[in-house]
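Working through the structure, step by step
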Amino acid sequence: MKPKPALPPADDRRAPLASAARWALAAVLLGSGLHKAAGGPEEFAAVLETYDLLPQGMLLPFAALLPWLETLLGLSLAAGFAARAACAGAGLMFLTFILALGSTIMRGMKLDNCGCFGAGIHLSPWQAMSLDAVLASLAVFVFLQRGGRWTLDAWIDAGEP
């Protein structure tokens with residue numbers, strides 16, 4: 001059996017905070033993904049079009065895929081399964097959102113709806129960027145704490161010889 005790479009030990013005092021942060025990330029990703037999925041890809045594609053970042057032919061496929069990717073990452077984080085990989089994916093997603101929102105601000109574009117939560121919640125670009133920055137920071141924290149306590153990863157690892 002191949003030995004696992006050495007990781008720095010997680011700080012046990014921070015484990016409950018890491019678990020709470022992981023669940024908060026999961027809740028946001030699940031809420032965001034499911035709200036967008038419920039509205040249908042056409043509704044989300046219309047919002048994405050206002051960003052003027054993707055070619056027209058990519059809008060609908062991207063709008064169909066992103067909500068389910070967010071939902072999958074949210075489920076993974078909620079269960080603590082592949083938690084570090086899910087944190088890395090979520091962190092990269094939040095950084096991408098920050099760049100997309102920043103790009104619209106730099107180009108002087110007005111967004112009535114950031115699209116973050118489908119038709120559910122409308123945030124200004126600055127509000128959405130602030131939220132994404134907090135969420136990206138939480139993802140880094142959870143990643144460094146290896147997902148916190150009460151994860152499927154820990155349960156699976158405990159069952160290995």
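In what follows, the structure referred to is the one given above.
What counts and how
Residues numbered from 1 in each chain as written. Predicted model: local features only at pLDDT ≥ 70, side-chain atom pairs only at ≥ 80, totals over all residues. Heavy atoms only, no water. 1 Å grid on protein atoms, 1.4 Å probe; cavity = no way out; pocket = protein on both sides within 12 Å on 5 of 7 lines; lining within 4 Å. Points joined across faces, edges and corners; volume = space filled by probe spheres on them. Helix = DSSP H or I, 4+ residues; strand = E, 2+ residues; numbered from the N terminus. Nonpolar A, V, L, I, M, F, W, Y, C, P; charged D, E, K, R; others polar. Expected span 1.5 Å × (residues − 1). Buried < 20%, exposed > 50% of the residue type's maximum accessible area, 1.4 Å probe, protein only. Axes fitted to C-alpha atoms, helices over the stretch in contact; angles between N-to-C directions. Parallel < 35°, antiparallel > 145°, perpendicular 65-115°, else oblique. Left-handed = near helix turned anticlockwise from the far one by under 90°. Contact = heavy atoms within 4.5 Å. Salt bridge = Lys/Arg side-chain N within 4 Å of Asp/Glu carboxyl O.

**Things to note about the layout of surface pockets**
When its volume is computed, the second largest pocket comes out at roughly 430 Å³. Sorting the residues of the lining of the second largest pocket by element identifies helix H1 (15-39), helix H2 (41-51), helix H3 (56-79), helix H4 (83-106) and helix H5 (125-144) as the ones contributing at least two each. Counted by class, the lining of the second largest pocket contains 21 nonpolar, three polar and three charged residues.

**Quick notes on H1**
An α-helical segment advances 3.6 residues per turn. Residues three or four places apart therefore align on the same side. Spanning 25 residues, H1 covers 36 Å between terminal C-alpha atoms, matching the ideal 36 Å at 1.5 Å per step. Residues of H1 that are buried include every one of Ala-15, Ala-18, Ser-19, Ala-21, Arg-22, Leu-25, Ala-26, Leu-29, Leu-30, Ser-32, Gly-33 and Lys-36, and no others. Positive phi shows up at Gly-40, right after H1, with a value of about 90 degrees.

**A few points about the environment of Ser-124**
By secondary structure assignment, the location of Ser-124 is in the loop between H4 and H5. Sequence-wise, Ser-124 and Asn-113 are 11 residues apart; in three dimensions their C-alpha atoms are separated by 6.9 Å.

**Considering the packing of H1 against H3**
Here H1 crosses H3 at 155 degrees, and the two axes come no closer than 7 Å. Here H1 lies roughly antiparallel to H3, going by the angle between them. The interaxial crossing formed by H1 with H3 has left-handed handedness. Contacts between H1 and H3 involve Arg-22, Trp-23, Leu-25, Ala-26, Leu-29, Leu-30, Ser-32, Gly-33, Leu-34, Lys-36 and Ala-37 on the former and, on the latter, Pro-67, Trp-68, Glu-70, Thr-71, Leu-73, Gly-74, Leu-75, Leu-77, Ala-78 and Ala-79. Partitioned by chemical class, the residues of the contact of H1 with H3 number 14 nonpolar, four polar and three charged.

**Quick word on the pattern of salt bridges**
A side chain of one charge can pair with a side chain of the opposite charge when the charged atoms of the two come close. Tallied over the full model, the rule gives three salt bridges. The partner of Asp-52 in a salt bridge is Arg-107, and the shortest N-O contact between them spans 4.0 Å. Taken together, the residues Asp-52 in the loop between H2 and H3 and Arg-107 in the loop between H4 and H5 connect sequence positions 55 residues apart. On the basis of relative accessibility, which here comes to 53%, the residue Asp-52 falls in the exposed class. For Asp-112, the salt bridge is made with Lys-110, and the minimal N-O distance between the two is 3.1 Å. The two residues Asp-112 and Lys-110 agree in class, both being exposed.

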